[in-house]
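# Geometric and topological summary
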Amino acid sequence: MGHLMGKDVGLDHLIEVAKNIVLAVHKAPRITGKTEVQAEILWGEDLEPIIEVMGPVGNVMRYVKWDYETIKNCYDKGESPVIVAIGGKVSRSNLNWNCGACGFDTCKEFNAHSKENKGGGQLGGPSCNWKILDWAIACDWACAAAWQYRVDNRIMGSVGFALHVLNYMPDMDVKLGLALGPPRDMVYYSREEMHKSMSYELDKQDMVNCVPTMFACFPGGGTPMYKTKDDWWAPPEFMGIGYSPEVMEIMQQILFEQVPDIVVKHADKIEARYKD
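These numbers come from a predicted model, not from an experiment. Along every chain, residues carry numbers that run from 1 in the direction the sequence is written. Per-residue local features of the predicted model are confined to residues with pLDDT of at least 70, and side-chain atom pairs are confined, for both listing and counting, to 80 or more; whole-chain, interface and lining totals are unaffected and use all residues. Calculated side-chain values reflect all of the structure's heavy atoms, with hydrogen atoms and water omitted.

## Notes on the sheet that holds strand β3 (residues 153–156)
Two strands are counted as paired when DSSP detects at least two bridges linking them. A run of H or I in DSSP becomes a helix once it reaches four residues, and a run of E becomes a strand once it reaches two; helices and strands are each numbered from the N terminus. A sheet is described by the order of its strands in space; here four strands give the open sequence β1-β2-β4-β3, paired in antiparallel fashion. Looking at strand neighbours, the two that pair on one side only are β1 (36–43) and β3, the edges of this open sheet. Going across the sheet, the axis of each strand differs from the next one's by a mean of 20°, ignoring polarity. Summarising the sheet, β1 and strand β2 (residues 82–89) pair through eight bridges and their orientation is antiparallel. Its bridge partner being in β2, Glu40 is matched across the sheet by Ala85. Whether two residues are in contact is decided by their heavy atoms: any pair within 4.5 Å suffices. Between N-to-C directions, angles cover 0 to 180 degrees, with each direction set by a line fitted to C-alpha atoms, over the stretch in contact for helices. Packed onto the sheet, helix α1 (residues 6–27) meets β1, β2 and β4 (174–180) and runs at close to 175° relative to β1.

As structure tokens, then:
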């Protein structure tokens, strides 16, 4: 005999599903057979450093804002998502295939360049193309496994960036985060939480800025008009290309001042996870 309340067991189920997803990550086929991948499971209070990093970054990268609003609002309401962090070791080739896909004639040349030059941003680099494919397959298998359990999910570069700067999975070169749950329909696609946090006008302008091709008229004239309003032809509006010192200043401040402060705040606790 027993009695379980659905929402009370929802998080427990998500964690069990996440364990199965980790199995899928490690079981996924690899083209090379030599790419190292890792996976970790995070939920509850352990999401707070990730949310803290995503917050300021979302002010200059709108897709991060969308993910931030969704994850944070669910967490604040006591409906914690579960995140499966997926990392790959891809910055060195031990294949000796000399395929040239990386831009170098030999794996040896690539390795020499990679050793001295490390990229930044979401996915770092440089990377061996074959190993990136292996890691991507593992990520695909993770997503497919989540849907097999009918769990809402979305794999996120925004979470991957937070994992990277916070130094989760320190031996891995590239990282993405697969968000699972909470148990509601299309949490990461309908994005109900995000829409509640902004006005209709701001939401619409976000769409124009982030997916401008969906609002463009015929571009063949060389100066395409954009349908940013109902009577878009009176007068027409055009989208230009140019450098923005204001945007760059804000990005520099956030990425090189605010985010490092957050990283320092959580560094000792996160580092302790990986000590023997």
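## Comments concerning the packing of helix α2 (residues 48–57) against helix α3 (residues 62–76)
How two helices pack is summed up by the angle between their axes together with the distance between the axes. At their nearest, the axes of α2 and α3 sit 9 Å apart, and the two run at 140° to each other. As summarised for this structure, α2 and α3 are arranged oblique, according to the angle between their axes. Between α2 and α3 lies a crossing of left-handed hand. Across the interface between the two elements, Glu48, Ile51, Met54, Gly55 and Val57 of α2 pack against Val64, Asp67, Tyr68, Ile71, Lys72 and Tyr75 of α3. Its residues placed into classes, the contact of α2 with α3 shows seven nonpolar, one polar and three charged. Here is the rule for angles: anything less than 35 degrees is roughly parallel, anything more than 145 is roughly antiparallel, 65 through 115 is roughly perpendicular, and the remaining ranges are oblique. Two helices cross in a left-handed way if the nearer one is turned anticlockwise from the farther one by less than a right angle. They cross in a right-handed way if the turn is clockwise. Note on residue classes: Ala, Val, Leu, Ile, Met, Phe, Trp, Tyr, Cys and Pro are nonpolar, Asp, Glu, Lys and Arg are charged, and everything else, Gly too, is polar.

## Quick notes on the packing of aromatic side chains
To describe a pair of aromatic rings, one takes the distance between the centres and the angle between the planes. Planes of paired rings set the category: under 30 degrees apart is stacked, over 60 is edge-to-face and the rest tilted, where pairs are Phe, Tyr or Trp rings (Trp by its six-membered ring) whose centres lie within 6.5 Å. All told, the structure shown has three aromatic pairs when counted by the stated rule. Ring plane angle 85° and centroid distance 5.6 Å describe the contact between Trp232 and Trp233, whose orientation is recorded as edge-to-face. The class for Trp232 is partly exposed, based on a relative accessible area of 23%. Categorising residues by exposure relies on relative accessible area from a 1.4 Å probe, with only protein chains included: less than 20% of the type maximum marks a residue as buried, more than 50% marks it as exposed, and the intermediate range marks it as partly exposed.

## Here's the deal with the side chain of Ser127
Locating Ser127 in the fold gives a position in the loop between α4 (107–116) and α5 (129–148). A relative accessible area of 18% means that Ser127 is categorised as buried. For Ser127, the contacting residues outside a window of four places in its chain are Val90, Ser91, Cys102, Phe110 and Ile132.

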